[in-house]
Amino acid sequence: MAITLTKGQKIDIGLSKISVGLGWNPNEGTGHDFDLDASAFMIDANRLIPKEEFFVFYGNIDSPDGALHHTGDDPTGGNSDTGDDETIMVDLTKVDPSVTEILFVVTIHEGVARRQNFGQVRNSYIRIVDDANGAEIAKYELGEDFSIETGVEFGRLYKRDSKWRFEASGIGYKEDLAFFLSKYFKGQIIS
């Protein structure tokens, strides 16, 4: 039976191969499609991405260690009426030893220009699925807490005492993907 998480709640994962599914349903009437993008930042002990390739998103679908695989971009939130819109597959046995945390972020592509925010998005969630049997282990539903935000840290996997844990973050920002890159990567981004 899956655990329904609340903001800030932490759980032990206890698995090595999982999928992190993210889903949402955009409200109608903004004049533009909603293009929400799921990204994963593989962070070291200094809270930075060791190399650009450890930033996994629709433009870089695989981490260099083979631990993360982004299944692709859903530019409209319509991949599934009831399931995940974007998925990042995770093999915790392959995570580079320098990585101590994997942060999952969802941003609204061109949200400011299109005057879109998470207040116009319904049913957004992050969930952990056991790849061995497809069972949902835990789910965190974002709820109606965000009205002006265009980027949200949904949750994070982090290593503590050689074990991987998950925390439901739910931290909103009125920022785009470039903000998160500047926060977690200090090198030059190559397009």
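In case you missed it, the structure is sitting above this.
(A) Just unusual backbone geometry, in detail. The phi angle at Arg115 is positive, at roughly 55°, despite the residue not being glycine. For Arg115, the position within the fold is in the loop between strand 8 (99–108) and strand 9 (121–130). Positive phi, normally seen in glycine, also occurs at Ser162, with a value near 65°. Residue position: Ser162 is located in the loop between strand 11 (151–160) and strand 12 (163–173). Take Ser162: its relative accessible area is 68%, and that puts it in the exposed class.

(B) Structural view of the packing of aromatic side chains. Throughout the structure, instances matching the rule amount to 9 aromatic pairs. Their ring planes at 45° and their centres at 6.4 Å tell us that Phe41 and Phe180 sit as a pair that is tilted. Of the two residues, Phe41 sits in strand 4 (residues 36–44) while Phe180 sits in helix 1 (residues 177–184), which places them 139 residues apart along the sequence. Each member of the pair, Phe41 as well as Phe180, is classed as buried. Centre to centre, the rings of Phe179 and Phe180 are 5.2 Å apart; their planes meet at 75°, and the pair counts as edge-to-face. The exposure class of Phe179 is partly exposed, given its relative accessible area of 23%. Members of the aromatic cluster, each reached through a chain of ring pairs, are Phe41, Phe55, Phe57, Tyr58, Tyr173, Phe179, Phe180 and Tyr184. Positioned above the aromatic ring of Tyr125 is the side chain of Lys139, whose terminal nitrogen or guanidinium carbon lies 4.4 Å from the ring centre. For the cation-ring pair, Arg156 lies above Tyr158, with the distance from its terminal atom to the ring centre recorded as 4.2 Å.

(C) Region of interest: the sheet that holds strand 3 (residues 17–26). Strand order in the open sheet formed by 6 strands is 1-10-9-3-7-6, with mixed pairing between adjacent strands. A strand with exactly one partner marks an edge of an open sheet, and here the two such strands are strand 1 (3–5) and strand 6 (68–70). Neighbour to neighbour, the strand axes of the sheet diverge by 15° on average, direction disregarded. Here strand 3 pairs with strand 9 via 8 bridges, running antiparallel. Paired with Ser19 across the bridge in strand 9 is Val129.

Rules and cut-offs
Residues numbered from 1 in each chain as written. Predicted model: local features only at pLDDT ≥ 70, side-chain atom pairs only at ≥ 80, totals over all residues. Heavy atoms only, no water. Helix = DSSP H or I, 4+ residues; strand = E, 2+ residues; numbered from the N terminus. Buried < 20%, exposed > 50% of the residue type's maximum accessible area, 1.4 Å probe, protein only. Phe/Tyr/Trp six-rings, centres within 6.5 Å; stacked < 30°, edge-to-face > 60°. Lys NZ or Arg CZ within 6 Å of the ring centre and 35° of its normal. Pairing = 2+ DSSP bridges. Axes fitted to C-alpha atoms, helices over the stretch in contact; angles between N-to-C directions.

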